[in-house]
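Descriptive analysis of the structure
Take a look at the letters that make up each chain.
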Amino acid sequence: MRFVAIAALTFALSGAASAQVSDATRAANAAAAQTLPWTDREDEDFANRGFVAAYDQPQIRMTDGRVVWDFTAYNFLQGDAPASVNPSLWRHARLLTRAGLFRVTDRVYQIRGFDVSNMTIVIGDTGLIIIDPLSSAETAAAGLALARRTIGDKPVVAVIYTHSHLDHFGGVRGIVSAEQAANVQIIAPEGFMEHAVTENVIAGNAMSRRAQFQFGAGLPPGPEGQMTSGIGIAVSAGTFTLIPPTRTISRTGETLTIDGVRIEFQLTPDTEAPAEMNFFFPDLGVLCIAENATASMHNILTPRGALVRDAKAWADYLTEALRLYGGRTQIMVGSHAWPRFGGDRVRDFVASHRDAYKYLHDQTVRLMNAGYTDREIAEQVRLPESLSSRWFNHGYYGTMMHNSRAVYQRYMGWYDANPANLNPLPPAEEGTRFVRAMGGADRVMAEGQRAFDEGDYRWAARVLNHLVFAEPNNTAARQLLARTHRQMAYQAESAIWRNIYLVGARELEQGPPTRSQPTQSADLVAATPTSYILDLLAVRLNPERLGNRRYAFNLVFPERNERFAVTIANGVLVHEHDQTVDGPTITSQRAVFLQAMATQSMARSVLSGQIRIAGNRRSLEGLGEVFDTPDPNFPIVTP
Ligand SMILES: [Zn+2]
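The shown structure was predicted, so the numbers you read here are calculated from the model rather than taken from an experiment.

Another point: the overall build of the protein. A tally of helices and strands in the protein yields 21 helices and 21 strands. For 639 residues, the compact-globule formula gives about 26 Å, and the C-alpha radius of gyration of the protein, at 26 Å, lands near that figure. Seen through its principal axes, the protein has C-alpha atoms that stretch 75 × 75 × 50 Å. Contacts in the protein between residues far apart in sequence, at least 24 positions, make up 74% of those at least 6 positions apart.

Here you go:
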């Protein structure tokens, strides 16, 4: 994904009021601590086992000095949890932030704590096989440099991308230089390239903005701030790169021998990612479970927004992994968090984790078929004690609450079948009427304050949100709602719920961020098919600015040997590959055309000759102005 503007470690939060922890939050966190399986210390053992060395610098920096990664950011994680952090999340963050090179077994090492994800290194006969080269080139390069002090200077001979998410390929140019690339096999599951470059194109602006909430953009780590992103620490703030695969795995059971190392593959499409695979090293007894199982319940629907995932398929593929590899596995490594050691421990983990997803799916559907709706189901689906007592089934990333609603959404969509909910008023209009029905803003504030004082934060948030949407300039309402969100953040076991509440609180107090987003990865843009870019243009068409005008033209990108017929009318842009329409022909390098559209500088590019137009040029007048440039920092907690 385009994890833009998530450089959580590098921005400073200015002027946020340090918030008090309420008695209700203290009590809730103390009660939560009583329910946790503290005597189970297996994860501590696994997270520390095989530690070789830490990085020798406190930060990883870009060549211009900017900080990409700060190893000292979580040094505050000492001792017991403060009242402002859920004790379960505190423990999880302590384990996730152990950073360095770890020896997993003979020939297998891991770089952990250098990014949101892990980089696994398998030593072949003559070189190195790298699994998932982190998010950015700088962290991947630093990780490999650290590893080389122990494992030597063997060249990288192969890279395996477990799946199509950026935190598993974005650092590839940090470990494979342009000169080396021709000699390095790049292996990925079927569908990898399409999904790697397109998953976030059409809805990219909205997803990026929402990702700021999920990953806590701009929240400094700390007892009152960001406490990791649950799945890993945070996405590093370096250079996102991509080298396309040279070899695609297209079926389960496929095998490869790379540099003397045998590998068996299991495709797991439409699980955690649309293109993903597990694989097994039979000579090493090592199973790589990709991101299909980790130290937390994952997201069936990520709160930043995405197509909803298939919890049933997810569970079924874990069952298949157990069947294919369980009996031969001694050690399991994954794309995030620590390995698991011992065949029995791995089988127990995969089976229990699988059961958590299966229970989530099956019980949500059972209740759905019994007539319960999504919010009712979210309130009552809880894992049984035998599953909930396992640390790795806790919701540090995905939660049972939002995942059960995701299962409901996958089958039923947003409508709960109650006619009263078929056509509700939009938030600001409903808020205005809610305030009137309550007897005015003062009465709403009083109810919000009462709920806050009683620790009834979920209700306080609903009440005060109506008032903020009715009266966005009501500072007292915004402040009380911000305080409410903070208490919910402090109680949250999920790191991303915590981030969402804390960013919401900050934006209620300070408004949306004003800084512009970093530019996109050149590799990713270059690899994006033109048809997706024209789809993106289509969803930026503003019908009001277009009015009754019509356009028809041909687009030719000679360096890509591509041509498209484009028509714009009735508020829609339609493009067709390899077709010709009666109208002028625009010829340009694709990058130049994209730049001109993005910056509304079409006329200038035509004048400078970078874009050539053959035919009736006047029929294109005004074309550059019919597209919107979306605001990357649109408001969320206010209308
Ligand atoms: Zn990941």
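We now examine the sheet that holds strand β1 (residues 51–53). Each strand in a sheet pairs with another by means of backbone hydrogen bonds, the pair being arranged parallel or else antiparallel. Strands sit in the order β1-β4-β5-β6-β7-β8-β9-β10 across an open sheet of eight strands; the sheet is mixed. The strands lining the two open edges of the sheet, one partner per strand, are β1 and β10 (247–249). Shown here is a sheet whose adjacent strand axes are inclined to one another by a mean of 25 degrees, direction ignored. Inspection of the sheet shows β1 paired to strand β4 (residues 100–105) by two bridges, in the antiparallel sense. The partner of alanine 53 across the bridge, within β4, is leucine 101.

The next point concerns the environment of arginine 49. With respect to the helices, strands and loops of the structure, arginine 49 is situated in the loop between α2 (42–48) and β1. For arginine 49, a count of 14 C-beta atoms within 10 Å gives the class partly exposed. Residues arginine 49 and arginine 340, 291 residues apart in the sequence, show an inter-C-alpha distance of 9.8 Å.

Among the 11 residues in helix α6 (residues 204–214), nine count as buried, and that is most of the element. Residues of α6 that are buried include every one of Gly204, Asn205, Met207, Ser208, Arg209, Ala211, Gln212, Phe213 and Gln214, and no others. Check the buried side of α6 and you find it contacts α16 (495–510). Two residues or fewer after α6 comes glycine 216, characterised by a positive phi angle close to 70 degrees.

Quick look at the nonpolar core now. In this structure, Ile130, Val159 and Leu464 are the most contacted members of the largest nonpolar core, which totals 156 residues. Valine 159 has contacts with Ile130, Pro133, Val172, Val176, Val184 and Ile186, leaving out every residue within four places of it along the chain. Counting residues in hydrophobic clusters, the runner-up holds 13 residues, among them Phe553, Leu573, Phe593 and Ile611.

Turning next to the domain arrangement of the protein. The domain boundaries assigned to the protein delineate domain 1 (23–410) and domain 2 (529–625). Computed from C-alpha coordinates alone, the two centres of domain 1 and domain 2 are separated by 41 Å.

Let's shift gears to the pairing of strand β5 (residues 108–112). Burial analysis of β5 places five of its five residues in the buried class, which makes it a mostly covered element. As paired elements, β4 and β5 share five bridges and run antiparallel to each other. The residue of β5 that forms the bridge with phenylalanine 102 is glutamine 110. Linking β4 to β5, which pair antiparallel, is a turn of two residues; within it arginine 107 sits at a positive phi near 75 degrees. Strand direction decides the pairing type here: β5 and strand β6 (residues 119–123), joined by four bridges, are antiparallel.

Between two packed helices, both the angle of their axes relative to each other and the distance between the axes serve to describe the pair. As a packed pair, α6 and α16 sit with axes 6 Å apart at the nearest point and diverge in direction by 105 degrees. Judged by the inter-axis angle, α6 sits roughly perpendicular to α16. Every residue of α16 that contacts α6 at Gln212, Phe213 and Gln214 is listed here: Ile496, Asn499, Ile500, Val503 and Gly504. Of the residues belonging to the contact of α6 with α16, the class tally is four nonpolar, four polar and no charged.

What counts, and at which threshold
- Residues numbered from 1 in each chain as written.
- Predicted model: local features only at pLDDT ≥ 70, side-chain atom pairs only at ≥ 80, totals over all residues.
- Helix = DSSP H or I, 4+ residues; strand = E, 2+ residues; numbered from the N terminus.
- Rg over C-alpha atoms; globule rule 2.2 N^0.38 Å.
- Contact = placed C-beta atoms within 7 Å.
- Pairing = 2+ DSSP bridges.
- Axes fitted to C-alpha atoms, helices over the stretch in contact; angles between N-to-C directions.
- Buried ≥ 20, exposed ≤ 12 C-beta atoms within 10 Å, placed from the backbone.
- Core = buried A, V, L, I, M, F, W, Y, C linked by C-beta atoms within 7 Å.
- Domains from an automatic or database assignment.
- Parallel < 35°, antiparallel > 145°, perpendicular 65-115°, else oblique.
- Nonpolar A, V, L, I, M, F, W, Y, C, P; charged D, E, K, R; others polar.

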